[in-house]
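# Overview (structure and organization)
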Amino acid sequence: SIPKRQKDVALGMADTNSPCAADTGEKVSAKREVESDDDAELVKETSKRRRHQAPVDTKEARQLASHIKAHHRQLRDAARECHSDEEAWTRHLSEGSVLSQYATAMKDLATHHWDGSNAKWVRDTVNAFFESDTGLGAAASKDKRRLWYKQQHEHDAELSVGGTDAVTRRSADASVGNVTSLGLVPDRPLRLLDVGSNHGAYEQDPMFDVLSIDLTPASAAVRQCDFLKVGVGPKLETMSTTTAACVTTLPQDYYHVVVFSLLLSYMPSAQMRFRCCRKARELLQEHGLLLIITPDSCHVGKAAARMKGWKKAIESLGFRRWRYEKLTHLHCMAFRAVSEENAVDDPLDDVEAAALLTIPQDDP
């Protein structure tokens, strides 16, 4: 078998300066947290079922991973030296050949050395949310129950936590209906926006009507787009350049799914990650999913406080977390877009929320 340290290097996702990256022989069980009535149900699965398969550990894979991690490190270092995020990002965009080399390395690593777990998790999660009884229907019913209880409290000061007795619960259940009567399940194919797509992992999937975008596309199927700066409007707008088709405006309240696979860890600051998540909320329909996959080879317990902060920050933008899973090398999160009336109470302000979207590599 391949030692864990070699797996991390081949995957190109571990932080080489992290003590977790040097652990060996640790048996990591995948965990899944699913939204429930108390929002705290933790379901354990066997590591055999949900963990990554061992990547191909070759000299080429290690070289590609080393190039990718060096690119990330240089971008973070440059951002620290600049006076603002905007200055750092503008400088980054001017490095055309560097970006092209990075895109090629990512494509080679993803298509020849990784096992496709990221895309599989996306497909499985979308199916579970839009097709299963515990997905969209249960989430929408919970929203209506929550709103019903809130209204009851507003109109009856004597109704307290004890209002969840059998009579009250039956009354609430009778008022919420079900997913069929609510007509929430969208027709297939689902509209999916893949941000930071690189090579277009979902382009051939009949389950989705896909728009794949990337700062520097590594495939003709992927359109060029700077997600931080792209406009949001009533419809999709593009323009053609000598090198690629560019997206200039993305449609508001349009997508059923937005995917950030390894995107947020690319961003050199917590504030830029927050801006990405805020834009995703603008683009999603109510009940749409924001799917975030971000690398971390540490044990789930070591990252618990950080992931709790991510939850609070992203929920402040009009989301509620529906699912969380820790795979061996990844955090996988599914946030559903909710209406203003179903948003979390007392959300953080933007400055507080943005400060929580840190990654291990941000630490000095």
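What counts, and where the lines are drawn
Residues numbered from 1 in each chain as written. Predicted model: local features only at pLDDT ≥ 70, side-chain atom pairs only at ≥ 80, totals over all residues. Heavy atoms only, no water. pLDDT = per-residue confidence, 0-100. Contact = heavy atoms within 4.5 Å. Axes fitted to C-alpha atoms, helices over the stretch in contact; angles between N-to-C directions. Helix = DSSP H or I, 4+ residues; strand = E, 2+ residues; numbered from the N terminus. Parallel < 35°, antiparallel > 145°, perpendicular 65-115°, else oblique. Left-handed = near helix turned anticlockwise from the far one by under 90°. Nonpolar A, V, L, I, M, F, W, Y, C, P; charged D, E, K, R; others polar. Phe/Tyr/Trp six-rings, centres within 6.5 Å; stacked < 30°, edge-to-face > 60°. Buried < 20%, exposed > 50% of the residue type's maximum accessible area, 1.4 Å probe, protein only. Lys NZ or Arg CZ within 6 Å of the ring centre and 35° of its normal.

When pLDDT is averaged across the chain, the result is 82; 76% of the residues are at 70 or more. Low pLDDT, under 50, characterises residues 36-54; the stretch is placed with 49 contacts to residues that sit more than four places away or in other chains. Taken together, the stretch residues 157-161 has pLDDT below 50 and engages in 4 contacts with residues farther than four places along the chain or on a different chain.

Moving on: the packing of helix α3 (residues 59-81) against helix α4 (residues 85-93). At a minimum axis distance of 8 Å, the contact between α3 and α4 shows a crossing angle of 140 degrees. In this view, α3 runs oblique relative to α4, as classed from their interaxial angle. Crossing angle aside, the handedness with which α3 passes α4 is right-handed. Along its contact with α3, which presents H71, L75, A79 and E81, the element α4 presents A88, W89, R91 and H92. Residues of the contact of α3 with α4, tallied by class, amount to 4 nonpolar, 2 polar and 2 charged.

The next thing to look at is the packing of aromatic side chains. Inspection of every chain in the model, using the stated rule, returns 7 aromatic pairs. Centroid distance Y202 to F208: 6.0 Å. Interplanar angle 90 degrees. Geometry classified as edge-to-face. Residues Y202 and F208 agree in their burial class; the two are buried. Taken together, a centroid distance of 4.9 Å and an interplanar angle of 90 degrees make the contact between Y254 and Y255 edge-to-face. Taking relative accessible area as the criterion, Y254 reaches 34% and is therefore assigned partly exposed. Given a relative accessible area of 3%, Y255 falls into the buried group. Chaining the aromatic ring pairs together yields one cluster made of F129, F130 and W322. Across the ring face of F227, the terminal group of K279 is positioned such that the distance to the ring centre comes to 5.8 Å.

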